[in-house]
Amino acid sequence: MNNIVAIVGRPNVGKSTLYNRLIGERQAIVDDFSGVTRDRMYGSCEWNGKTFTVVDTGGFVKNSDDIFEAAIRNQVEIAIEEANLIILMVDVTTGITDLDEQMARMLRKTDKPVILAVNKVDNHARLLEANEFWSLGFEETYFLSSITGSGSGEVLDAVTERLEDVEPEEINIPKFAIIGQPNVGKSSLVNALLGEERNVVTDIAGTTRDSIHSHYNKFGKEFILIDTAGIRKKNKVHENLEFYSVMRAIRALEEADVCFLMIDATLGVESQDMSIFQLAVKRNKGIVVLVNKWDLVADKESNSARDFERKIKGKLAPFNDVPVLFISVMEKQRIFKAIDLGMEIYEKRDNKLKTSELNDLLLPIIDKTPPPASRGRYIKIKYVTQAKTYYPAFIFFCNHPKHVKPSYKQFLENQIRSHYDFTGVPIGIFFREK
């Protein structure tokens, strides 16, 4: 299971800037006022031979002064529970604030490793001022400037030293992760499939600490089920729901082959469902969308399954070649059909196409509809082959790979999908110089 490193701290101390520095790209929105980070961001970082997921937890608080400190405390609580290591970030220009001290007290009580990062230390005077932060009581205290990058290497060294080596288990059977928002029926689905109360199903905090793995071996099918259904305290239902479900989804996604994204039919597709879907797509996992509680939808005549599926696929675009299955976990309707779909997609992810067959099919199509020229450069694709990756990825060799437009990339993917069945499987399209 992949390690998770969470960056916590009060607003405007530079969490998103450090996050961008660690993952090596400008992905999070950075601006000089509090509350900029609306969507919780997560990216992959590799350092000293270790790969881990970095979570930028900034910006829980939207507009209310009343919930300001409480929301940040909840943020730290979630990080303590879900992350393997926590970076507490503070700002030398403001000194130690009451909120810094509150977070420090919470983090000192945990048995997980905590690194204190004192940001904006970019000259000798500030280096002297930064010494006051030793009083927060963390042995691992580092001074850095996340904008210039000075000191970030030392922080990364400290992070990788304290993360345990994650050895992937060699299991040659499919691994299915059940992901989605809390309360959509994930644990109930696991229990229904296994035919036993394997996972306690409740809303009470403390139900599930980590992802639960269940080995299924019945009716000629064998696979690992990863349940990410998580606890959530009542005061976390609104502001922290998104952050909480994302951190759980990250954990499960890293090791899964196929993800079952569960959606509550009575609520429809919400923005958080889309965030979790994009997580699976970015990690090139197979995907099945399960619409649970379909039996509870009252007005099925004006909201037919076909219309509902059309709406879902419209929101999933451009990658909407995904099976959508309507189920009822409580009534055990079509839950085993979901497993059949998962098995099919698992096999499709491993589908290898012959190079000669690919070229015979795609080169005439490309000649008929060539890529549009870019700034006077005519792009000529000469050759295509499938990459040796764990998911279907295709490399197109051409003379100006950097100038191929995204729309043409989508065109090539559509051509491949129209001739080969990759339903539920993200496809990688890459361009290389011949």
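Quick note: structure is the one above.
Reading guide: rules and limits
- Residues numbered from 1 in each chain as written.
- Predicted model: local features only at pLDDT ≥ 70, side-chain atom pairs only at ≥ 80, totals over all residues.
- Heavy atoms only, no water.
- Helix = DSSP H or I, 4+ residues; strand = E, 2+ residues; numbered from the N terminus.
- Buried < 20%, exposed > 50% of the residue type's maximum accessible area, 1.4 Å probe, protein only.
- Contact = heavy atoms within 4.5 Å.
- Areas by Shrake-Rupley, 256 points an atom, 1.4 Å probe, with all protein chains shown as cover.
- Axes fitted to C-alpha atoms, helices over the stretch in contact; angles between N-to-C directions.
- Parallel < 35°, antiparallel > 145°, perpendicular 65-115°, else oblique.
- Nonpolar A, V, L, I, M, F, W, Y, C, P; charged D, E, K, R; others polar.
- Core = buried A, V, L, I, M, F, W, Y, C linked by side-chain atoms within 4.5 Å.
- Phe/Tyr/Trp six-rings, centres within 6.5 Å; stacked < 30°, edge-to-face > 60°.
- Salt bridge = Lys/Arg side-chain N within 4 Å of Asp/Glu carboxyl O.
- Pairing = 2+ DSSP bridges.
- Right-handed = clockwise from strand over helix to strand, strands pointing away.
- Left-handed = near helix turned anticlockwise from the far one by under 90°.

## Considering the overall build of the protein chain
In step 1: What the protein chain contains, in helices and strands, is 12 helices and 15 strands.
In step 2: Residue burial in the protein chain is summarised as follows: out of 434 residues, 55% are buried.
In step 3: Of the contacts formed within the protein chain by residues at least 6 apart in sequence, a portion of 71% connects residues at least 24 apart.
In step 4: Split by element, the accessible area of the protein chain, about 20400 Å² in all, is 49% carbon and sulfur.

## Some details on the packing of helix H6 (residues 186–194) against helix H10 (residues 335–349)
In step 1: Between H6 and H10, the shortest axis-to-axis distance is 10 Å and the interhelical angle comes to 95°. If you check the angle between H6 and H10, you find them roughly perpendicular. For the pair H6 and H10, the contacting residues are Leu189, Ala192 and Leu193 in the first and Ile335, Phe336 and Ile339 in the second.
In step 2: Split into classes, the residues belonging to the contact of H6 with H10 amount to six nonpolar, no polar and no charged.

## Notes on unusual backbone geometry
In step 1: Cis rather than trans, the peptide bond between Ala317 and Pro318 has omega equal to 10°.
In step 2: Mapped onto the secondary structure, Pro318 falls in the loop between helix H9 (305–316) and strand E12 (324–326).
In step 3: The phi dihedral of Asn12 is positive, around 70°, even though this residue is not glycine.
In step 4: By relative accessible area, which is 34% here, Asn12 ends up partly exposed.
In step 5: For Asn284, which is not glycine, the phi dihedral falls at a positive 60°.
In step 6: Take Asn284: it is sitting in the loop between helix H8 (271–282) and strand E11 (286–292).

## Points about the nonpolar core
In step 1: By size, the foremost hydrophobic cluster in this structure holds 57 residues, and its most contacted members are Leu107, Phe277 and Val291.
In step 2: The greatest single-element share of this core, amounting to six residues, is contributed by H8.
In step 3: What Leu107 contacts, discounting residues up to four positions off in sequence, is Val8, Val76, Ile80, Ile86, Leu88, Val114 and Phe138.
In step 4: Listed in part, the 47 residues of the second largest apolar core include Phe176, Val184, Tyr408 and Tyr420.

## Points about the packing of aromatic side chains
In step 1: Taken as a whole, this structure holds 12 aromatic pairs when the rule is applied.
In step 2: With centroids separated by 5.8 Å and ring planes inclined at 40°, the aromatic side chains of Tyr383 and Phe397 adopt a geometry described as tilted. One end of the pair, Tyr383, is in strand E13 (residues 381–386); the other, Phe397, is in strand E14 (residues 393–398), and 14 residues separate them in sequence.
In step 3: Between Phe396 and Phe431, the aromatic rings sit 5.8 Å apart at their centres with planes inclined by 35°, giving tilted as the arrangement. Within this pair, whereas Phe396 is found in strand E14, its partner Phe431 is found in strand E15 (residues 428–433), the two being separated by 35 residues in sequence. You'll find Phe396 and Phe431 in the same group, each marked buried.

## Quick notes on the pattern of salt bridges
In step 1: All told, the structure shown has 15 salt bridges when counted by the stated rule.
In step 2: For Arg417, the salt bridge identified is with Glu413, shortest N-O distance 3.0 Å. Highlighted residues: Arg417 and Glu413, both in helix H12 (residues 406–419), separated by four residues, approximately one helical turn.
In step 3: Residue Arg417 is classed as buried on the basis of its relative accessible area of 13%.
In step 4: Here the residues in one salt-bridge network are Glu140, Glu161 and Arg162, joined through shared partners.

## A few points about the environment of Asn20
In step 1: Mapping Asn20 onto the fold places it in helix H1 (residues 15–23).
In step 2: Accessibility expressed as a relative area gives 9% for Asn20, which makes it buried.
In step 3: With 126 residues separating them in the primary sequence, Asn20 and Ser146 have C-alpha atoms 8.8 Å apart.

## Side note on the pairing of E15
In step 1: Across six bridges, E14 lies against E15 in parallel orientation. Within E15, the residue paired with Ala393 across the bridge is Gly428.
In step 2: On the question of chirality, the crossover connecting E14 to the parallel E15 by way of H12 is right-handed.

## Some points on the packing of helix H11 (residues 355–368) against H12
In step 1: Closest axis-to-axis distance for the H11/H12 pair is 11 Å, and the angle between their directions is 140°. Considered as vectors, H11 and H12 are oriented oblique to each other. For the crossing formed where H11 meets H12, the hand is right-handed. Facing H11, whose interface residues are Leu361, Leu362, Ile365 and Ile366, H12 presents Tyr408, Phe411, Leu412, Gln415, Ile416 and His419.
In step 2: Taken together, the residues of the contact of H11 with H12 sort by class into eight nonpolar, two polar and no charged.

## A short note on the sheet that holds E14
Backbone hydrogen bonds hold the strands of a sheet together, and the pairing may be parallel or antiparallel.
In step 1: Spatially, E13-E14-E15 is the arrangement adopted by the three strands of the open sheet, whose pairing is mixed. Unpaired on one side and paired on the other, E13 and E15 mark the two borders of the sheet. Going from strand to strand, the sheet's axes swing by 25° on average, the running direction of each strand aside.
In step 2: Judged from the five bridges that link them, E13 and E14 form a sheet pairing that is antiparallel. Bridge pairing links Gln386 to Phe394 in E14.

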